[in-house]
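One-letter residues, chain by chain:
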Amino acid sequence: MPGYQYGAVSNTPAGLRRRITALESEVARKTRTIRELDSQIRELNNENARLRELNTGERPIEHGTSNGYSRHYDRGEKPCEECRVAYLARRRELQQQRKKAQK
Ligand SMILES: [Zn+2]
């Protein structure tokens, strides 16, 4: 596999430790890259939404609400993280209310 250079390391404890360390730093590097890309995607999505709101006169989404979560779906978008968190919290709240009512 190109770029995969750990195969040559021996299977001694020291060799394995080196391999683990190398893999861990590779994971850390890739995790950073993923976070950066995620935040770029979020910015582009926000920008896209802003432009669409300007073009269509569409009402802006109130993010971080469970209403916002539904609005994302109405628009055919994947809900943003803030809306997803708010929706899950709201759903949990409703489930707990229902449980209490059953007692
Ligand atoms: Zn949102």
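Residues numbered from 1 in each chain as written. Predicted model: local features only at pLDDT ≥ 70, side-chain atom pairs only at ≥ 80, totals over all residues. Heavy atoms only, no water.

### Remarks on the coordination of the zinc ion
Here is step 1 of the chain: Donor atoms from the polypeptide that bind the zinc ion are His 63 (ND1), His 72 (NE2), Cys 80 (SG) and Cys 83 (SG), placed at 2.0 to 2.3 Å.
Here is step 2 of the chain: Here the zinc ion binds four donor atoms, and the angle range of 105 to 118° at the metal identifies the geometry as tetrahedral.
Here is step 3 of the chain: Coordination of the zinc ion draws on donor residues from a single chain, spaced H-x8-H-x7-C-x2-C in sequence.
Here is step 4 of the chain: Note on Cys 80: relative accessible area 17%, which makes it buried. (Donors = N, O, S within 2.8 Å, 3.2 Å for Na, K, Ca; no water. Tetrahedral: all angles 85-135°; square planar, octahedral: opposite > 155°, others 65-115°. Buried < 20%, exposed > 50% of the residue type's maximum accessible area, 1.4 Å probe, protein only.)

### As for the domain arrangement of the chain
Here is step 1 of the chain: Taken domain by domain, the chain comprises domain 1 (8-60) and domain 2 (63-103).
Here is step 2 of the chain: Relative to domain 2, the C-alpha centre of domain 1 lies at a distance of 26 Å. (Domains from an automatic or database assignment.)

### Some remarks on the layout of surface pockets
Here is step 1 of the chain: One number sums up the size of the largest pocket: a volume of about 520 Å³.
Here is step 2 of the chain: Lining the largest pocket are 20 residues, with Arg 42, Asn 45, Lys 78, Pro 79 and Cys 80 positioned closest to its centre.
Here is step 3 of the chain: Where the lining of the largest pocket is concerned, the elements lending two or more residues are helix H1 (13-56), helix H2 (66-74) and helix H3 (81-102). (1 Å grid on protein atoms, 1.4 Å probe; cavity = no way out; pocket = protein on both sides within 12 Å on 5 of 7 lines; lining within 4 Å. Points joined across faces, edges and corners; volume = space filled by probe spheres on them. Helix = DSSP H or I, 4+ residues; strand = E, 2+ residues; numbered from the N terminus.)

### Comments concerning the packing of aromatic side chains
Here is step 1 of the chain: Enumeration according to the criterion identifies two aromatic pairs in this entry.
Here is step 2 of the chain: For the pair Tyr 69 and Tyr 87, a centre-to-centre distance of 3.8 Å together with 0° between the ring planes defines the contact as stacked. Taken together, the positions of Tyr 69 in helix H2 and Tyr 87 in helix H3 put the pair 18 residues apart, joining distant regions of the chain.
Here is step 3 of the chain: Owing to a relative accessible area of 15%, Tyr 69 belongs among the buried residues under this scheme.
Here is step 4 of the chain: Judged by its relative accessible area of 26%, Tyr 87 is partly exposed. (Phe/Tyr/Trp six-rings, centres within 6.5 Å; stacked < 30°, edge-to-face > 60°.)

### With respect to the packing of H2 against H3
Describing two packed helices takes the angle between their axes plus the distance from one axis to the other.
Here is step 1 of the chain: At a minimum axis separation of 7 Å, H2 and H3 run at an interaxial angle of 120°. Judged by the angle between their axes, H2 and H3 are oblique. Seen from above, H2 lies across H3 with left-handed handedness. Contact residues: H2 offers Ser 66, Gly 68, Tyr 69 and His 72, while H3 offers Cys 83, Arg 84, Ala 86, Tyr 87 and Arg 90.
Here is step 2 of the chain: When the residues that make up the contact of H2 with H3 are grouped by side-chain class, the tally is four nonpolar, three polar and two charged. (Axes fitted to C-alpha atoms, helices over the stretch in contact; angles between N-to-C directions. Parallel < 35°, antiparallel > 145°, perpendicular 65-115°, else oblique. Left-handed = near helix turned anticlockwise from the far one by under 90°. Contact = heavy atoms within 4.5 Å. Nonpolar A, V, L, I, M, F, W, Y, C, P; charged D, E, K, R; others polar.)

### Focus on the environment of Glu 81
Here is step 1 of the chain: As for its position among the elements, Glu 81 is in helix H3.
Here is step 2 of the chain: Placed 17 residues apart in sequence, Glu 81 and Gly 64 show a C-alpha to C-alpha distance of 8.0 Å.

### Focus on the pattern of salt bridges
Here is step 1 of the chain: Counting across every chain of the model gives nine salt bridges.
Here is step 2 of the chain: Lys 30 serves as the salt-bridge partner of Glu 26, at 2.9 Å between the closest nitrogen and oxygen. Of the two residues, Glu 26 and Lys 30 both sit in helix H1, four residues apart, roughly one turn of that helix.
Here is step 3 of the chain: For Glu 26, a relative accessible area of 18% gives the class buried.
Here is step 4 of the chain: One salt bridge connects Arg 52 with Glu 58, and the closest N-O pair in it is separated by 3.2 Å. (Salt bridge = Lys/Arg side-chain N within 4 Å of Asp/Glu carboxyl O.)

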